[in-house]
Amino acid sequence: MEIFKCTFWKWGQGDAALINDGEFEILIDAGVSAEGGKVVQYLSGYVDGDLDVVVASHEDADHIGGLPAVFDAYTVEEVVDN
């Protein structure tokens, strides 16, 4: 059985989640643009290199606004959006 950690947090008005099994990380959303730096700072304690997958659940600014800061800070292997 594989164990992974899933962390949910609220950045401003929007939400985000990180799924991490120690080697593979999936970020789902990244809150509002004003919180992008905080998202990157938080991720630095959990992401050990590239982000494997970033999921943009939908195009509302309170979910994807922080993604530009994430893309500036990390190489992202795959982006999934609707």
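For the structure, check the block above.
Residues numbered from 1 in each chain as written. Predicted model: local features only at pLDDT ≥ 70, side-chain atom pairs only at ≥ 80, totals over all residues. Heavy atoms only, no water.

1. Quick notes on the nonpolar core
In step 1: Residues W9, L27, L43, L51, V70 and Y74 are the most contacted members of the largest nonpolar core, which totals 15 residues.
In step 2: Of all the elements in the fold, those that place two or more residues in this core are strand 2 (14-20), helix 1 (36-43), strand 4 (51-56) and helix 3 (67-73). (Core = buried A, V, L, I, M, F, W, Y, C linked by side-chain atoms within 4.5 Å. Buried < 20%, exposed > 50% of the residue type's maximum accessible area, 1.4 Å probe, protein only. Helix = DSSP H or I, 4+ residues; strand = E, 2+ residues; numbered from the N terminus.)

2. Examining the packing of aromatic side chains
In step 1: Applying the stated criterion to the full structure yields one aromatic pair.
In step 2: Summarising the aromatic geometry, the rings of Y42 and Y46 are spaced 4.8 Å apart at their centres and angled 35° between planes, so their arrangement reads as tilted. (Phe/Tyr/Trp six-rings, centres within 6.5 Å; stacked < 30°, edge-to-face > 60°.)

3. A word on the environment of N20
In step 1: Its location among the elements puts N20 in strand 2.
In step 2: We classify N20 as buried; its relative accessible area is 10%.
In step 3: Of note is the side chain of N20, whose polar atom sits 3.1 Å from the backbone oxygen of Y46. (Polar contact = N/O pair within 3.5 Å; in protein donor to acceptor, adjacent residues only side chain to side chain.)

4. Describing helix 1
In step 1: All of the buried residues along helix 1 are G36, V39, V40 and L43. Projected down its long axis, helix 1 shows its buried positions confined to an angular sector of 95°, all on one face. (Arc of directions from axis to C-beta.)

5. Some words on the pairing of strand 3 (residues 25-28)
In step 1: Bridging between strand 2 and strand 3 involves four bridges; their strand directions are antiparallel. If you follow L18 over to strand 3, its bridge partner there is L27.
In step 2: In this structure, the hairpin formed by strand 2 and strand 3 is closed by a connection of four residues, where G22 is found at a positive phi of approximately 105°.
In step 3: Pairing of strand 3 with strand 4 involves three bridges; the strand directions are parallel. Note on strand 4: the bridge partner recorded for L27 is V54.
In step 4: Read from strand 3 through helix 1 to strand 4, the crossover connection turns out right-handed. (Pairing = 2+ DSSP bridges. Right-handed = clockwise from strand over helix to strand, strands pointing away.)

6. Brief notes about the environment of L18
In step 1: Note that L18 resides in strand 2.
In step 2: Sequence spacing of L18 and E77 is 59 residues, and the spatial spacing of their C-alpha atoms is 15 Å.
In step 3: Every residue in contact with L18, bar those within four places of it in the chain, is listed here: K5, C6, T7, W9, E25, I26, L27, L43 and Y46. (Contact = heavy atoms within 4.5 Å.)

7. Some words on the pattern of salt bridges
In step 1: The full count for this structure, using the stated rule, is one salt bridge.
In step 2: Note that E35 and K38 form a salt bridge whose closest N and O atoms lie 3.4 Å from each other.
In step 3: Look at K38 and you get partly exposed, because its relative accessible area is 46%. (Salt bridge = Lys/Arg side-chain N within 4 Å of Asp/Glu carboxyl O.)

Any link to function would need more than the numbers given here.
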